[in-house]
Amino acid sequence: MSQNFVNPDQIRAWFSRAMSDMYKSEVPLYDTLLDLVAQVNAKTLAAQPELAAQLARTGEIERLDIERHGAIRVGTAQELSNMRRVFAVMGMQPVGYYDLSPAGVPVHSTAFRATHEASLQASPFRVFTSLLRLELIDDEALREKAARILAARQIFTDRALKLAARFEAQGGLDEVDAREFVAEALHTFRWHSEATVSLADYQELHGQHRLIADVVAFKGPHINHLTPRTLDIDEAQAEMPRRGVSAKAVIEGPPPRKCPILLRQTSFKALEEAVRFAGSDAGSHTARFGEIEQRGVALTRKGRALYDHLLDLARSRISGAPNEGNADAYMRNLQDSFAAFPDDYEQLHAQGLAYFRYFLTGKQGAEPDADLQTLIAQGHIRFEPLVYEDFLPVSAAGIFQSNLGDKAQAEYAQNASQAAFEQALGAKVQDELALYQDTQDRSLAACLQALGAQAGSPVAA
Ligand code: OOG
Ligand code: NI
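Residues numbered from 1 in each chain as written. Chains lettered and ligands numbered in written order. Predicted model: local features only at pLDDT ≥ 70, side-chain atom pairs only at ≥ 80, totals over all residues. Heavy atoms only, no water.

Draft legend 1. Structural view of the overall build of the chain. A tally of regular secondary structure across the chain gives 19 helices and 12 strands. Here the C-alpha radius of gyration of the chain, 23 Å, is about what a compact globule of 461 residues would show, namely 23 Å. For the chain, the C-alpha atoms occupy an extent of roughly 80 × 60 × 40 Å along the three principal directions. A total of 461 residues make up the chain; the buried ones form 54% of that total. Summarising the internal contacts of the chain: among those between residues at least 6 apart in sequence, 75% fall at separations of at least 24. (Helix = DSSP H or I, 4+ residues; strand = E, 2+ residues; numbered from the N terminus. Rg over C-alpha atoms; globule rule 2.2 N^0.38 Å. Buried < 20%, exposed > 50% of the residue type's maximum accessible area, 1.4 Å probe, protein only. Contact = heavy atoms within 4.5 Å.)

Draft legend 2. View of the sheet that holds strand β9 (residues 282-286). On the basis of which strands lie adjacent, the open sheet formed by 3 strands has the order β5-β8-β9 and mixed pairing. Here the strands that pair on one side only, and so sit at the sheet edges, are β5 (194-198) and β9. Averaged over all pairs of adjacent strands, the angle between their axes in this sheet comes to 50 degrees, without regard to strand direction. The pairing of strand β8 (residues 272-278) with β9 spans 5 bridges and is classified as antiparallel. In the sheet register, Glu272 faces β9, and the bridge partner there is Thr286. Those strands touched by helix α10 (residues 199-208) are β5, β8 and β9, and its axis lies near 85 degrees from that of β5. (Pairing = 2+ DSSP bridges. Axes fitted to C-alpha atoms, helices over the stretch in contact; angles between N-to-C directions.)

Draft legend 3. Structural context of the coordination of the nickel ion (ligand 2). Looking at the nickel ion (ligand 2), the protein donor atoms are His69 (NE2), His225 (NE2) and Glu291 (OE), and they sit 2.1 Å from it. Each donor residue of the nickel ion (ligand 2) lies on one chain, and together they are spaced H-x155-H-x65-E. Highlighted residues: His225 in strand β6 (residues 225-228) and Glu291 in strand β10 (residues 290-295), separated in sequence by 66 residues. For the pair His225 and Glu291, one class covers both residues: buried. (Donors = N, O, S within 2.8 Å, 3.2 Å for Na, K, Ca; no water.)

Draft legend 4. Just the packing of aromatic side chains, in detail. Enumeration over the complete set of coordinates arrives at 17 aromatic pairs. A ring pair is formed by Tyr98 and Phe128, whose centres lie 5.3 Å apart and whose planes are at 55 degrees; its orientation type is tilted. With a gap of 30 residues between them, Tyr98 in strand β2 (residues 93-99) and Phe128 in strand β4 (residues 126-132) connect regions that are remote in the sequence. In this pair, the class of Tyr98 matches that of Phe128, namely buried. Here the aromatic cluster, defined as three or more aromatic residues joined through ring pairs, consists of Phe15, Phe87, Phe112, Phe125 and Phe189. The residue whose ring lies beneath Arg179 is Trp14, and the NZ or CZ to ring-centre distance is 3.8 Å. Above the face of the Phe391 ring, Arg295 is positioned so that its terminal group lies 5.6 Å from the ring centre. (Phe/Tyr/Trp six-rings, centres within 6.5 Å; stacked < 30°, edge-to-face > 60°. Lys NZ or Arg CZ within 6 Å of the ring centre and 35° of its normal.)

Draft legend 5. View of the pattern of salt bridges. Per the counting criterion, the structure on display carries 37 salt bridges. Where Lys269 meets Glu324, a salt bridge forms, and the shortest distance between an N and an O atom there is 3.9 Å. Taken as a pair, Lys269 in the loop between β7 (263-268) and β8 and Glu324 in the loop between α13 (301-316) and α14 (327-337) lie far apart in primary sequence, 55 residues in all. What makes Lys269 partly exposed here is its relative accessible area of 37%. What you see here is one network of salt bridges that share partners, running through Glu60, Arg63, Glu67, Arg126, Arg229, Glu293, Arg295 and Glu389. (Salt bridge = Lys/Arg side-chain N within 4 Å of Asp/Glu carboxyl O.)

Draft legend 6. Layout of the packing of helix α1 (residues 8-26) against helix α9 (residues 175-187). Where α1 meets α9, the axes come as close as 10 Å, and the angle between the chain directions of the two elements is 35 degrees. Handedness of the α1/α9 crossing: right-handed. Across the interface between the two elements, Ile11, Trp14, Phe15, Ala18, Met19 and Met22 of α1 pack against Glu175, Ala178, Arg179, Phe181, Val182, Ala185 and Leu186 of α9. A per-class count over the contact of α1 with α9 returns 11 nonpolar, no polar and 2 charged. (Left-handed = near helix turned anticlockwise from the far one by under 90°. Nonpolar A, V, L, I, M, F, W, Y, C, P; charged D, E, K, R; others polar.)

Draft legend 7. Quick look at the packing of helix α7 (residues 140-151) against α10. Where α7 contacts α10, the axes come no closer than 11 Å and their chain directions differ by 120 degrees. Taken together, α7 and α10 sit at an angle that is classed as oblique. Pair α7 / α10 crosses with left-handed handedness. Mapping the contact onto sequence places Leu142, Lys145 and Ala146 in α7 and Asp201, Glu204, Leu205 and Gln208 in α10. Class assignment of the residues belonging to the contact of α7 with α10 gives a composition of 3 nonpolar, 1 polar and 3 charged. (Parallel < 35°, antiparallel > 145°, perpendicular 65-115°, else oblique.)

Okay, structure coming up:
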């Protein structure tokens, strides 16, 4: 790589910052949310010194204040594959496949994010990216109209695509190009208050599904939320109404625990925003909302199967999806069913339910041929939870629903189609479990190598 190229991690950090500044100016409530989260985090760190120490050991404390995820929805295969090229310039790869059709949302999705722990540490910015599935809409005339409208738009500036092509050809961008790229790419995610369609067309699209209007009627895939990470989501949820922000009824994901797992999320309702339609009719659209999340340890395949099972159990005990009417009962069910999920890191580690990173404690004198359990028991190696970097399909569907209105449930045949998604994307999505496993393995190998060097003998990894 030429030494003049800017590291993609740096480009992503610039972009994440620029996106946050843009969203602040577009959605003032977002600033309230950042402020609220910063206060809750400061309070939590002061009240829980052991959590503060753990986050210092893993380095997460340094990324906490810049940690954000955004979400966008695109309309065509070409938009999705160009999005992949644009995110690649920032070191973001598609990770995971999410099918939201079982929850009545006609999209499937991936998360663009950095994949190596060192890159995640530099900038954990991620974007949940959904592709509209027009094939799930039965109204053929409307489907064709939507496809025609989408085919006529270009969501990227010419310059952004030229610079993405230059990145591909050269293997990197110099600083002047990288800075210009950030400014150009940002345009794609802006809010446009002028729709590309007439009010009548908008209403027709909206009548089929609010999401279809949101994707099809505008110039581009406006970023619809940008989510900061809190260390105590129950506290953040309680604080929202005190600041005049109306939170959704239930926190998505697992119940409160001593050792957080995966991801818990809450959001506030979408804003109603003025729109000017083609032909200059005035109207409004609700697209952008606010979300807060708390992240916990990543689960192995075994841990994830247990999570999915217990979540199903809690949901099967209420009728329909969790909502305002059954929120309390649902949260109790969740607590009850998750009593079966071990809630200390030793057990999560011993039972192979979660991923961890291994660190040296600094204690000398390890026996060269000792195995991992012995090295841990004798205090040479400690393990820390590896944070979950991805999303949860049931939670994502809940977030979509709360913003599309709880009434907007549609029925689609269960029809995950990762192959069709990857074809549209022009690449395979990476397997998130393999990425966590790699990080865990690298941390162990580094510990064993260092201990071996101390003992003056080679080690078996
Ligand atoms: C994406 C909703 C999913 C999350 O955090 O699970 C999501 C969308 O509404 O476009 O952002
Ligand atoms: Ni989100």
